[in-house]
Amino acid sequence: MNMKPDRARKKIFLLLTELWCDKRKLLQLGLFLILIVLFGITRLWKLTILPYGMHIDEASMTYTAWSLSEYGVDRYLNPWPVYFSNFDSGQSAMYVYLCVALFKILGYHLSLVRLPAVLFSFLNLTFGILTARKIFPQNKIIPLSVGGLIVICPYFIMAGRFALDCNLMLGMSTIFLYYFISAIECGQIGKYTLAGLTGGLMLYTYALSYIALPVFLILALVYLIRVKAFSLKGWFSMAVPMGILAFPLILVQIVTIFDLAQFRLGCFSITKLERNRAAELGKFSYEGLRDTFDVIFAGDALNYNTAPGYKTLYGLTIVLFFLGLDIILRSFWKSTRDRKLDFQTFPLLWLISMLFLGTVTAVSVNRMNSIFYSIVFFAALGVNGLYTMFKKHSIIVITLISIIYLLNFVKFANYYYSGSYTEENFMLLLFDIPVTEATDFIEQDSVLCQKKTQMAEPGIYYLLEKPKSPYELDIRKLETEHCYENYLFETLGTIEDQYNYIVTDNFYEYSEKLRAAGFAEEHYQKYSLFFKK
């Protein structure tokens, strides 16, 4: 009866004994455990309040997910869309449906909304390391370097802490890259099918993947034919699930481009968007390539993507990236010349696909999010290159690189988590906050509830803490006329006694005028309610 548990205990004991005897393996295991712990701290600590407030797309996605979880329709009354309307644009489906699942299982809580971002940040870390190990099975420096950079670099930390739907493309593309390489390595139909599934699912993370994925597949196809590693059966097995998943999204584009009526495909809605996302693409531009590199390494003007004064990946990463790029370009040239398969080519092809995207569309850090795995992969190659170059002094080289990164991380972490980032950047661009305490105060007061209330926040934030049935309100009217019942949104007009005013702390001068006009004030965290009775 106890034989199986005894065997299991013996195996665990032997494994631990082997680890203890092999100090190098024990060190590697210790480093990976440190990465996991540090990841948990950097992604989960202060998650609900850092970044402070909610991005407008976070807010709209949250209400949409609640509406679907409760009524089976989005906020525009479309049942189970494959791609969501969002104001005058669109929103990818994967993040929404992950939140729907959380709300169904755990109930509606705003604290749950950012968990999918953390999950996909972890998947990016996990599959990023696995991909590096798959490409370099005998190398320990490269996987550890990839994992370390993903854990501590500012971009990965910041992008993994708030619910911007497009940021899921980074994690999903890394998973796809892992299964794509695995399929080519082993030739198994099942692995090709998984590559097709993960590639198809990537299309539901961000609309720009509609361009990046086909470009990558074309480049990979040409390369594989050149090195005599193309499998027709394998690619067919990959194409079938990818095509099935892509089909509803293709229908959305057809309906939108040709101004057709939206319709149901089974239980799902094929929606017509207010604006054609294809219109965001422009002509090829070399300036776009320069702008893309600026965004990747220096960041952008959006302070929720890039902390002012800090680069996305720390300065040393730029040097290591170009060193790694030189290594991989040499390997690519040799691979194509000798017609011999080299797996490190595929992160290069993904990089090229994303760089191409940057030449035909406007760039920002979040729009280019999927390029960042290739960047740290090349930087890890650069670390390994220095390690090999200075073999006799390899410990010194690795120690110096580690110290530089550790100092940069400590400096950034102190700024980001201590409150300085929040205070210096309040209110973050395109962010706002629910003002529930103030609206509760108004609605419980028999005098104030009769007055109209002005606030700068969009109406969608009012619906977060007090969600209303999408059947009970005209969401289009709320979003265009900016009013609901006695609330006037996105406006702080002329100061008059007959209005209440909800004002966030960043409108300091307006608050001073209200105080000077004799309005009473109830102050809450980061905002105030001003009123007269």
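Our subject is the structure listed above.
Once a new chain begins, its residue numbering starts again from 1 and follows that chain's sequence as written. pLDDT decides what is reported in this predicted model: residues at 70 or higher carry local features, side-chain atom pairs at 80 or more are listed and counted, and totals for whole chains, interfaces and linings draw on all residues regardless. Only hydrogens and water are set aside; all other atoms, that is, all heavy atoms of the structure, feed into the side-chain values.

*Asks:* Would you mind going over the overall build of the protein chain in detail, with residue names and values included?
*Replies:* Each helix corresponds to a stretch of at least 4 residues labelled H or I by DSSP, and each strand to a stretch of at least 2 residues labelled E; elements are numbered beginning at the N terminus. If you tally the helices and strands in the protein chain, you get 21 helices and 12 strands. The C-alpha radius of gyration of the protein chain comes to 26 Å, within 12% of the 24 Å expected for a compact globule of 533 residues. The principal-axis extent of the C-alpha atoms belonging to the protein chain is close to 80 × 70 × 55 Å. For the protein chain, with 533 residues in total, the buried portion stands at 54%. We call two residues in contact whenever any of their non-hydrogen atoms come within 4.5 Å of each other. Looking at the protein chain alone, contacts between residues at least 24 apart form 73% of all its contacts between residues at least 6 apart. Using the Shrake-Rupley algorithm and a 1.4 Å probe, accessible areas are obtained, with residue cover drawn only from the displayed protein chains. With an accessible surface of roughly 24,300 Å², the protein chain has 64% of that area assigned to carbon and sulfur atoms. Here the globule rule reads 2.2 Å times residues to the power 0.38, and the radius of gyration is calculated from C-alpha atoms. Each residue is placed in one exposure class: buried if its accessible area under a 1.4 Å probe, protein chains only, is under 20% of its type's maximum, exposed if it is over 50%, and partly exposed if it falls in between.

*Asks:* Could you give me a rundown of unusual backbone geometry, with the residues and numbers involved?
*Replies:* The peptide bond linking Leu50 to Pro51 adopts the cis configuration, its omega dihedral lying at 5°. The topology assignment puts Pro51 in the loop between helix H2 (23-44) and strand S1 (54-55). A positive phi angle is found at Asp259, which is not glycine, with a value near 55°. Inspection of the secondary structure puts Asp259 in the loop between helix H11 (232-257) and strand S4 (263-265).

*Asks:* Run through the packing of aromatic side chains, naming residues and quoting values.
*Replies:* Aromatic rings from Phe, Tyr and Trp, taking only the six-membered ring of Trp, are treated as a pair when their centres fall within 6.5 Å; an angle between ring planes under 30 degrees marks them as stacked, one over 60 as edge-to-face, and anything in between as tilted. Applying the stated criterion across every chain, the model contains 54 aromatic pairs. A ring pair is formed by Tyr155 and Phe372, whose centres lie 4.0 Å apart and whose planes are at 15°; its orientation type is stacked. You can see Tyr155 sitting in helix H7 (residues 154-159) and its partner Phe372 sitting in helix H15 (residues 372-389), a full 217 residues away along the chain. Here Tyr155 falls in the buried class, since its relative accessible area comes to 2%. Aromatic side chains Phe180 and Phe216 sit 5.3 Å apart centroid to centroid with 70° between the ring planes, which places their arrangement in the edge-to-face category. Of this pair, Phe180 sits in helix H8 (residues 168-186) while Phe216 sits in helix H10 (residues 209-226); the two residues are 36 residues apart in sequence, bridging distant segments of the chain. By the ring-pair criterion, three or more aromatic residues cluster together here, those being Phe176, Phe180, Phe216, Tyr223, Phe230, Trp235, Phe332, Phe343, Phe346 and Trp350. Note on geometry: a ring has a charge over it if NZ (lysine) or CZ (arginine) is within 6 Å of the ring centre and within 35 degrees of the ring normal. One residue, Lys526, lies across the ring of Phe426, its end atom 5.1 Å from the ring centre.

*Asks:* So what's going on with the pairing of strand S7 (residues 452-455)? Which residues, and what values?
*Replies:* The rule for pairing is simple: two strands pair if DSSP sees at least two bridges between them. When S7 meets strand S10 (residues 499-504), the two strands line up parallel, connected through four bridges. By the bridge assignment, Thr453 is partnered in S10 with Asn500. Sheet analysis places S7 next to strand S9 (residues 487-488), joined by two bridges and oriented parallel. Paired with Gln454 across the bridge in S9 is Leu488.

*Asks:* So what about the pairing of S10? Which residues, and what values?
*Replies:* The element S10 is largely enclosed, with a buried count of six among its six residues. Side chains Tyr499, Tyr501 and Val503 project from S10 onto one buried face, and the interleaved Asn500, Ile502 and Thr504 project onto a second face that is buried too. The pairing of S10 with strand S12 (residues 527-531) spans four bridges and is classified as antiparallel. Across the sheet, Thr504 pairs through a bridge with Tyr527, a residue of S12.

*Asks:* Got a sec to walk through the environment of Asn124? Specific residues and values, please.
*Replies:* Mapped onto the fold, Asn124 is located in helix H5 (residues 115-135). Assessed through its relative accessible area of 2%, Asn124 is described here as buried. As for Asn124 and Tyr373, which are separated by 249 residues in sequence, their C-alpha atoms are 8.1 Å apart. Beyond its immediate stretch of four places on either side in the chain, Asn124 contacts Ile150, Phe156, Leu170, Gly171, Thr174 and Tyr373.

*Asks:* Describe the packing of helix H13 (residues 315-338) against H15, and please don't skip the residues or the numbers.
*Replies:* Note on definitions: angles span 0 to 180 degrees between N-to-C directions of axes, and those axes are lines fitted to C-alpha atoms, for helices only across the stretch in contact. Two elements in contact, H13 and H15, have axes whose closest approach is 6 Å; the angle formed by their N-to-C orientations is 80°. One element, H13, and the other, H15, form an angle in the roughly perpendicular class. Each of Thr317, Leu320, Phe321, Leu323, Gly324, Leu325, Ile327 and Ile328 in H13 lies in contact with H15, whose residues at this interface are Ile375, Phe377, Phe378, Ala379, Leu381, Gly382, Val383, Gly385 and Leu386. Residues are grouped as follows: nonpolar covers Ala, Val, Leu, Ile, Met, Phe, Trp, Tyr, Cys and Pro; charged covers Asp, Glu, Lys and Arg; every other residue, Gly included, is treated as polar. The residue makeup of the contact of H13 with H15, split by class, is 13 nonpolar, four polar and no charged. Our angle categories are set so that under 35 degrees counts as roughly parallel, over 145 as roughly antiparallel, 65 to 115 as roughly perpendicular, and the remainder as oblique.

*Asks:* Give a detailed account of empty space enclosed by the protein, specifying residues and quantitative values.
*Replies:* Grid points spaced at 1 Å over the protein atoms alone were grouped into cavities, where a 1.4 Å probe fits but cannot get out, and pockets, open sets with protein on both sides within 12 Å along at least five of seven lines, with lining residues defined by an atom within 4 Å of a point. Grid points are joined across faces, edges and corners, and a volume is the space filled by probe spheres set on the points. Enumeration according to the criterion identifies two cavities of 30 Å³ or more in this entry. Lining of the largest cavity is provided by 15 residues; of these, Ser121, Ala159, Gly160, Asn167 and Leu170 occupy positions nearest its centre. Among the secondary structure elements, those contributing two or more residues to the lining of the largest cavity are H5, H7 and H8. Among the elements that make up the lining of the largest cavity, the one with the highest residue count is H5 (four residues). Considered class by class, the residues forming the lining of the largest cavity number 10 nonpolar, five polar and no charged. Reported here for the second largest cavity is a volume of approximately 50 Å³. Lining the second largest cavity are Val435, Thr436, Thr439, Tyr461, Tyr462, Glu465 and Lys466. Mapped by element, the contributors of at least two residues to the lining of the second largest cavity are helix H18 (436-443) and helix H19 (459-465). Split by residue class, the lining of the second largest cavity holds three nonpolar, two polar and two charged.

*Asks:* Lay out helix H21 (residues 508-516) with the relevant residues and their values.
*Replies:* Helical geometry: 3.6 residues make up each α-helical turn, so side chains three or four residues apart lie on a common side. Considered for burial, the residues of H21 that qualify are Tyr510, Ser511 and Leu514. Viewed end-on, H21 has its buried residues packed into an arc of 100°, placing them on one side of the element. In H21, the exposed positions that point more than 90 degrees away from the buried face belong to Tyr508, Glu509, Lys513 and Ala516. Contact partners of the buried residues in H21: S7, S10 and S12. Looking one or two residues past H21, Gly518 carries a phi angle of roughly 85°, positive in sign. Within this analysis, the arc is defined by the directions that extend from the helix axis to the C-beta atoms.

Distances and angles like these do not, on their own, reveal function.
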